[in-house]
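Chain by chain, the residues:
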Amino acid sequence: MQIIKILFKNAFRHKLRTGLTILSITIALLAFGLLRTVINAWYSGVEASSAYRLVTRNAVSIIFPLPLSYKDRIRQVDGVSGVSWGNWFGGVYIDEKNFFANFAVDAKSYFDLYREYTIPDDQKAAFFRDRKGFVAGRKLAERFGWKIGDTIVLKGTIFPGNWEFVMRAIYRGREANADETVFMFHWDYLNESLKKTAPTRADQVGFYMIGVKDPGRAVSISESIDALFKNSFAETITETEKAFTLGFVAMSDTIITAIQLVSFVVIVIILAVVANTVAMSVRERTNEYAVFKTLGFGGWRIVGLILGESVVITMMGCAVGIAATYPASAAFGKAMGAYFPVFNVEAETIVLDIVFSLVVGVLAAVIPVYRTLKMKIADGLRMIE
Amino acid sequence: MDAGTIVSIHKLCKSYHRGDQTIPVLSDISFDIAEGEFLALMGPSGSGKSTLLNLIAGIDQPDSGSIVIGDVDVTTLTETELAKWRALNVGFIFQFYNLIPVLTAFENVELPLLLTPLSRSERKAHVEMALRVVGLADRMDHYPSQLSGGQEQRVAIARAIVTDPTILVADEPTGDLDRKSAEEIMDLMDRLNGESKKTIIMVTHDPRAAKKAHVIRHLDKGILTNADHQDTL
Ligand SMILES: Nc1ncnc2c1ncn2[C@@H]1O[C@H](COP(=O)(O)OP(=O)(O)OP(=O)(O)O)[C@@H](O)[C@H]1O
Ligand SMILES: [Mg+2]
């Protein structure tokens, strides 16, 4: 007990020095935490995607459509539990910089597949009833201050014209990592309009979403679906939603490596800072450690004193760093909300923070511990202040 | 070893090496210290007094020779055994007190007891007793920076006696004190020797301090003179 008390007191003997060291650990962990949170946000769509869903698209490219008639044939494939479809609409709200994802979807079948999105029953009914109705994610509605009943106009880019919609519902995610920034309206509304204005583009689907009963059979089901349309004028590629999303967002290996390298460099710098602080403090107190040894304090107690002090300092930095990561991420997420639908600090980031701090604390103490253990008492006592 | 001898030193040699140079410090030193003796080691600076004291106290190792204290030849002990032995058998008093600045007087005195199996309340009783002996029971919660030099040295003496060691070693215990404080410290040492029959080995430059000792030995160029017995009464 007494040893712990001493090492705590030692850690805060030079308040400024210790404070600055803690600050640098805090900043490093903050940078590390934000970096990881951004990457996680980037990949959150992948994490959130369900293993129970497949996506079918045109084999040539996602920008080429598939006939609507495929839906009945897909539904008959063994193991398929539901089929929905939609188009990327690509509408612009007032200005390009107000970017958000907007889709035309077959609403009923779509929300049957996306059980992780919840809509209050009355809103859902109102949305299904209104041909021009749309549903917005909670965050999206908050971002623009939309209320139920508001009329919103999107300027079509892929489908020209000004398109008018009425907000009928707001959906929420059941899980924290759900994307609450999407705008969805009735595919029928888009299709009816196209029939009048551009009949050749009608009855064309951008993608099919397919529910499967058994994720373990995802591969064989995908193969069966693609086999159906082999050698037709619109061949398909079917893959899991996860693979599909990953195809969009995956960063290059180079970027990932660069980020890992930066994290590593940050840790090395912090190690240098802490090691310097500990080495300085221990050197100044050589005489005191000599006294401890003179009194009969053995190796493990000396190790405990020095190592403990080092770890106390890094763990203080760790605690402050973790505490700062949450509000910083929240602020960052708010500022970047349009680009990152989900911005949460992961438990794994916190665990890594703690592990790194511990490792740095231990490594920083290695040399001072070694020197102190090796020091001859008589020499240590000779060093007066 | 004669009955009543507590320390027996035989053919002790010690030299230091600097580069390929060998600096002999102690050569062929042999003498005994009787139980309850108050020995003063004197001699010019650099004559090897601290070196000899450190060897007796088990914080340094000789090149050759033996030092038997009680019935243990400390020169044969390993580092770990020595640490354990010191904790039980030696009380240290340094010139610059060497208190731990972040600990109170009480906590400083308690330090050596942390290595014993004593309970917290037993430790407390021992510490209070030791501080009472040195007359600082009312300064228990003071930090070293809040004490005068003389008081600091008394706390250091309390720390040295709290484990009731076999021998007390002191390296110029009054070297950093004014005359009055030095006198108080010497009176305290004298009392410890007289009342508690503590064997004390003290290095000093101060003839006034040496007066309290029963035996004075002079060290010069690594050679020890014969004992110079004096009547302290
Ligand atoms: N670690 C060491 N390395 C090399 N030489 C040393 C070492 N320690 C002591 N010496 C040398 O040994 C000699 C004796 O030193 P010691 O400290 O025992 O003298 P001393 O009698 O206590 O002197 P003082 O009265 O000044 O304290 C000195 O010449 C000193 O320079
Ligand atoms: Mg000396």
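Because the structure is predicted, anything quoted here is derived from the model rather than measured. (Residues numbered from 1 in each chain as written. Chains lettered and ligands numbered in written order. Predicted model: local features only at pLDDT ≥ 70, side-chain atom pairs only at ≥ 80, totals over all residues. Heavy atoms only, no water.)

### Quick word on the overall build of chain A
Right, on to step 1. When its secondary structure is counted, chain A shows 15 helices and 12 strands.
Right, on to step 2. Scaling as 2.2 N^0.38, a compact globule of 385 residues should have a C-alpha radius of gyration of about 21 Å, whereas chain A reaches 30 Å, well beyond that.
Right, on to step 3. By its C-alpha atoms, chain A is 100 × 45 × 35 Å across when sized along the principal axes.
Right, on to step 4. Counting over 385 residues, chain A shows a buried share of 49%.
Right, on to step 5. Of the contacts formed within chain A by residues at least 6 apart in sequence, a portion of 80% connects residues at least 24 apart.
Right, on to step 6. Positive and negative side-chain charges of chain A, numbering 42 and 35 respectively, have mean locations separated by a distance of 8 Å. (Helix = DSSP H or I, 4+ residues; strand = E, 2+ residues; numbered from the N terminus. Rg over C-alpha atoms; globule rule 2.2 N^0.38 Å. Buried < 20%, exposed > 50% of the residue type's maximum accessible area, 1.4 Å probe, protein only. Contact = heavy atoms within 4.5 Å. Lys, Arg positive; Asp, Glu negative; His and termini not counted. Charge placed at Lys NZ, Arg CZ, Asp CG, Glu CD.)

### Quick notes on the sheet that holds strand β5 (residues 72-73) of chain B
All names here are of chain B.
Right, on to step 1. The strand order across the open sheet formed by four strands is β2-β1-β4-β5, and the pairing between neighbours is antiparallel. Unpaired on one side and paired on the other, β2 (21-34) and β5 mark the two borders of the sheet.
Right, on to step 2. Sheet topology places strand β1 (residues 5-18) next to β2; 10 bridges connect them, and they run antiparallel. Its bridge partner being in β2, Leu12 is matched across the sheet by Ile29.
Right, on to step 3. The strands touched by helix α1 (residues 49-57) within the sheet are β1, β2 and β4 (64-69), with β1 carrying the most contacts at an inclination of about 125°. (Pairing = 2+ DSSP bridges. Axes fitted to C-alpha atoms, helices over the stretch in contact; angles between N-to-C directions.)

### Remarks on the site of ligand 1
Right, on to step 1. Taken together, 15 residues sit near ligand 1, with Arg382(A), Ser45(B), Lys49(B), Ser50(B) and Thr51(B) positioned nearest.
Right, on to step 2. Between ligand 1 and the protein, one listed contact pairs an oxygen atom with a backbone N or O atom of Gly48(B) at 3.0 Å.
Right, on to step 3. When the free accessible area of ligand 1 is taken as 630 Å², the share hidden by the protein chains comes to 74%.
Right, on to step 4. For the shell around ligand 1, the elements supplying multiple residues, two or more each, are α15 (377-382) of chain A together with β1 and α1 of chain B.
Right, on to step 5. Per-class residue counts for the shell around ligand 1 are three nonpolar, seven polar and five charged. (Near = heavy atom within 4 Å. Polar contact = N/O pair within 3.5 Å; in protein donor to acceptor, adjacent residues only side chain to side chain. Areas by Shrake-Rupley, 256 points an atom, 1.4 Å probe, with all protein chains shown as cover. Nonpolar A, V, L, I, M, F, W, Y, C, P; charged D, E, K, R; others polar.)

### Side note on the confidence of the model for chain B
Residues and elements named next belong to chain B.
Right, on to step 1. When the pLDDT values of chain B are averaged, the result is 91; 97% of them are 70 or greater.
Right, on to step 2. At the low end of the mean pLDDT range in chain B sits strand β11 (residues 228-229), at 76; at the high end sits helix α3 (residues 105-110), at 96.
Right, on to step 3. We note a pTM of 0.76 for the whole complex and an ipTM of 0.94 for its interfaces. (pLDDT = per-residue confidence, 0-100.)

### Remarks on the pairing of strand β7 (residues 151-156) of chain A
All names here are of chain A.
Right, on to step 1. The side-chain alternation of β7 yields one buried face, formed by Ile152, Leu154 and Gly156, and one unburied face, formed by Thr151, Val153 and Lys155.
Right, on to step 2. One ladder, built from six bridges, connects β7 with strand β8 (residues 161-173); its direction is antiparallel. Looking across to β8, one finds that Gly156 is bridged to Gly161.

### Focus: the packing of helix α2 (residues 15-42) of chain A against helix α13 (residues 299-335) of chain A
Residue and element names in this part refer to chain A.
Right, on to step 1. The contact between α2 and α13 brings their axes to 7 Å, and the two run at 40°. Accordingly, the angle class assigned to the pair α2 and α13 is oblique. Viewed along their axes, α2 and α13 form a crossing whose handedness is right-handed. Mapping the contact onto sequence places Thr18, Thr21, Ile22, Ile25, Thr26, Leu29, Leu30, Gly33, Leu34, Thr37 and Val38 in α2 and Ile313, Thr314, Met316, Gly317, Cys318, Val320, Gly321, Ala324, Thr325, Ala328, Ser329 and Phe332 in α13.
Right, on to step 2. Here the residues of the contact of α2 with α13 sort into 13 nonpolar, 10 polar and no charged. (Parallel < 35°, antiparallel > 145°, perpendicular 65-115°, else oblique. Left-handed = near helix turned anticlockwise from the far one by under 90°.)

### Topic: unusual backbone geometry
Residues and elements named next belong to chain A.
Right, on to step 1. Notably, Asp203 is not glycine yet its phi reads approximately 55°, a positive angle.
Right, on to step 2. Position of Asp203 among the secondary structure elements: in the loop between α8 (187-197) and β10 (204-205).
Right, on to step 3. Since its relative accessible area comes to 32%, Asp203 is described here as partly exposed.

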